[in-house]
Amino acid sequence: MSTPEIVFDNVSKFYGEVLGVNRVDLHIPPGITSLVGPNGSGKTTLMNLMTGLVHPNAGVIQVRGISPFAPEKLMKILGYATQYDAGPRGATGFDFINSGLLLHGFSTAEAEKRTWQAIERVGLTAAAKRKVAGYSKGMRQRIRLAQSIAHDPLVLILDEPLNGLDPLVRAETIALFREYAAGGRHVVLSSHVLQEVDVFSDQVILIANGMIVAEGQIKSVREEIHEHPSQYLLHCKEASRVASLLFAETHISEIRLAPEGQGLLVLTRNREAFATALERIALSGIDIDGVIPTDENVDALYEYLIGGGR
Amino acid sequence: MTPLSQIWVIAKMELGRVFFSRRSFWVYLLALFPTVIFLGHAIDAQLKVKRWGGERGVKAELLDQAQSGMTDEQVLALVGKPVTDQTRKRRARRDDDPADKQPEVRRYMMYFDGKRRVDLRFEDGKLVSRNARVLMNFEDDRRVYAGMFQYFYLRLGIFFGCLGIFINLFRGEMLDRSLHFWFLAPVKREVLLLGKYLAGLIAAAVIFGGGAMLSFLAMVLPHDSVEVQTFWQTIGTEHAFWYAAAAALGCVGYGSVFLASGLLLRNPIIPAIVILVWESINGFLPDVMQKLSVLHYLQSLCPVPVPLPTEMPAVLKMLLAPAAPTAVWISVAGLLTLTGLVLFAAMQAARRLEINYGAE
């Protein structure tokens, strides 16, 4: 039985003298995993490595127990929607998917049936017989997604899959990822639009300059970084009084007034101590209307990790 | 799905693109060029027969009686009015040497007896030379065809045609940024390579094998029907077969070489020049090295050897003269072995190939 994980064991990839990724160790479990990093950070290289489009200079990669050097086995269980726009010259949307399915060994009738199903799933039925070259960016994104899911793979890899999609299609696409991941499959996607992935990802892998800087659930990644001060927005009427009480706490490193009089922006190095302090303040009779962590999204975490902290 | 059926599926998917690729449309021009030349030759001959025959045509026996020394008037009286008749008088010059015995008047008459064009030259009224040439000479045309086939069709037509077709199978997809489509299919790279090679081979063999057959027919058919019939009943079919086979095997050999080049090198001009030079200097090399040439085996398959003109410069003669031919079965086996080795190297390159469009 194959290992249901995607494993990178000390993998490095260089393009000549340019670093792609360096000494990557990863164990990606099933579910939705987002690779997050700025342009050129190595997200696409990681995806290309796990699909065999590029080969590592060092290290070993296994996708559910299959080496990317065995495309005849790997591509049976893997679908990859690449960032590359082009398909076979002159192909229609239908041809693009159907020809791929024929290579999977499906009969003509079965391939046609699956093609229409995949096209319908991404809402491109009306444009199926038009040439891919004439598609808009969003349509190309969708036809690539359709091609990657047409053979019902166990591992779905998607390079910036939400780029160029309108809000409605975006919501439908995210629902599709969730549905896929719910069945114990892998959905690995990349994005640099950070807010959109922390909403639906089970795991996040933060990558910068070809190195993994953090991995795991967004919350647990956040908790791993003990030294990182957490920022909270305190909604309260007596802001200056609360501020003076909090300044007495040693774990508080910064307190600012929130814009538009929303309350206070508090930076703490110890969440538990902060929670205890707030409890104490509330018990002293000062009203605190709400406590909102403002940096638990990927943006803040990412900024902290990549930008060297505050 | 077996690898063989995958190869066939890939080949079928590629065929349309190979046959109708805008990038290699000029390949058809190369393949059809000899046909156009021989058709042109036939049409030109037919027009001349029409123009020179009829009232102005003369009897062959009468023409043969015109001998050196006869006067122009005698010839006119014997044979009749020529198709063309031109007279040129020598201009007197001040510095003319009285001892110089250049003729004062030259007259040129051209006759046509239905098959031969006969040119008669008279100097000062006397017949001094007689040149007869059959307008459609089957033997000559077959030799011309053999020369065209070996020096143009094999060395240049099929060579550059295969360059255009096979180098685009991988390199073209890299430029179009569409190669990843194939790499994401559940097929071994070796199978993918063979599928694409098969597509290129079918297209090249149809285009150039068809071109060879068309030009062969364009060369044979306009000749006298009796000659043609005799030719088909004796050696015609065999010759046609070997020309088509040599063209197809040329596609097999050059196709594999250029497919491998497309995988190993970015610039197709470099392998083209290297291989062209290699094929050209092959005649200078020792026997063992000559066996590493596609052209060597192809020339060994050609049914009609091409005699080189004696006045040709020695260097050119060495470049054009084929090496001692190899037996047919060795030629075919040698070519297939060479192709197998090249394809094996191409498979290794395909396994290592990465998608890195930015570097293209």
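Residues numbered from 1 in each chain as written. Chains lettered and ligands numbered in written order. Predicted model: local features only at pLDDT ≥ 70, side-chain atom pairs only at ≥ 80, totals over all residues. Heavy atoms only, no water.

1. Quick word on the packing of helix α2 (residues 26-52) of chain B against helix α7 (residues 189-220) of chain B
Residue and element names in this part refer to chain B.
- Axis separation between α2 and α7 bottoms out at 7 Å; the angle between their running directions is 5 degrees. The pairing of α2 with α7 is recorded here as roughly parallel in orientation. Between α2, through Val 27, Tyr 28, Leu 30, Ala 31, Leu 32, Pro 34, Thr 35, Phe 38 and Leu 39, and α7, the contact on the second element is made entirely by Ile 207, Phe 208, Gly 211, Leu 214, Ser 215, Ala 218 and Met 219.
- A class-by-class count of the residues in the contact of α2 with α7 yields 13 nonpolar, three polar and no charged. (Axes fitted to C-alpha atoms, helices over the stretch in contact; angles between N-to-C directions. Helix = DSSP H or I, 4+ residues; strand = E, 2+ residues; numbered from the N terminus. Parallel < 35°, antiparallel > 145°, perpendicular 65-115°, else oblique. Contact = heavy atoms within 4.5 Å. Nonpolar A, V, L, I, M, F, W, Y, C, P; charged D, E, K, R; others polar.)

2. Overview of the packing of aromatic side chains
- This structure, assessed with the given rule, holds 27 aromatic pairs over all chains.
- Seen in terms of ring centroids, B:Phe149 and B:Tyr153 are 5.5 Å apart; in terms of plane orientation they differ by 35 degrees. Their pairing is tilted. Taken together, the residues span about one helical turn, with B:Phe149 and B:Tyr153 both in helix α5 (residues 138-176) at a distance of four residues. In this pair, the class of B:Phe149 matches that of B:Tyr153, namely buried.
- Residues B:Phe159 and B:Phe160 carry aromatic rings whose centres are separated by 5.0 Å and whose planes lie at 80 degrees to one another, so their mutual orientation is edge-to-face.
- Residue B:Phe159 is classed as buried on the basis of its relative accessible area, which comes to 0%.
- An aromatic cluster is built from B:Phe38, B:Phe138, B:Tyr145, B:Phe149, B:Tyr153, B:Phe208, B:Phe216, B:Phe231, B:Trp232 and B:Tyr243, whose rings are joined through pairwise contacts.
- Just above the ring of A:Tyr180 sits the side chain of A:Arg185; from NZ or CZ to the centre is 4.6 Å. (Phe/Tyr/Trp six-rings, centres within 6.5 Å; stacked < 30°, edge-to-face > 60°. Buried < 20%, exposed > 50% of the residue type's maximum accessible area, 1.4 Å probe, protein only. Lys NZ or Arg CZ within 6 Å of the ring centre and 35° of its normal.)

3. Overview of the interface of chain B and chain A
- Between chain B and chain A, the contact holds 27 residues from the first and 27 residues from the second.
- Regarding the contact of chain B and chain A, the summed buried area is about 2400 Å², with carbon and sulfur atoms giving 65% of it.
- Contact with chain A buries area across many residues of chain B, yet B:Phe181, B:Leu184 and B:Pro186 alone supply 29% of it, more than any other trio.
- In this structure, A:Lys13 engages B:Glu354 in a salt bridge whose closest nitrogen and oxygen atoms are separated by 2.9 Å.
- The interface formed by chain B and chain A contains five residue pairs in polar contact (both at pLDDT 80 or more).
- Among the elements that make up the side of chain B that touches chain A, the one with the highest residue count is helix α1 (residues 3-19) of chain B (five residues).
- Across the side of chain B that touches chain A, the residue classes break down as 14 nonpolar, four polar and nine charged. (Buried area = accessible area lost by both parts, 1.4 Å probe. Salt bridge = Lys/Arg side-chain N within 4 Å of Asp/Glu carboxyl O. Polar contact = N/O pair within 3.5 Å; in protein donor to acceptor, adjacent residues only side chain to side chain.)

4. A short note on the sheet that holds strand β13 (residues 288-293) of chain A
Residue and element names in this part refer to chain A.
- Read from one edge of the open sheet, four strands run β11-β12-β10-β13, paired in antiparallel fashion. Edge positions in the sheet fall to β11 (252-257) and β13, since each of these pairs with one other strand and no more. Adjacent strand axes in the sheet meet at a mean angle of 20 degrees, parallel and antiparallel pairs treated alike.
- As paired elements, β11 and strand β12 (residues 264-268) share five bridges and run antiparallel to each other. (Pairing = 2+ DSSP bridges.)

5. Brief notes about the domain arrangement of chain B
- With domains assigned, chain B is organised as domain 1 (3-45 + 137-359) and domain 2 (55-134).
- Taking the mean C-alpha position of each, domain 1 of chain B and domain 2 of chain B sit 48 Å from one another. (Domains from an automatic or database assignment.)

6. Focus: helix α4 (residues 108-121) of chain A
Residue and element names in this part refer to chain A.
- With 14 residues, α4 extends 20 Å between its outermost C-alpha atoms, agreeing within 8% with the 20 Å of an ideal straight helix rising 1.5 Å per residue.
- Within α4, burial applies to Ala 111, Arg 114, Thr 115, Ala 118 and Ile 119. The buried residues of α4 all sit within an arc of 135 degrees when viewed along its axis, so they share a single face. Along α4, the residues that are exposed and aim more than 90 degrees away from the buried face are Ala 109 and Glu 120.
- Here the buried face of α4 lies against α3 (93-103) and α5 (137-149). (Expected span 1.5 Å × (residues − 1). Arc of directions from axis to C-beta.)

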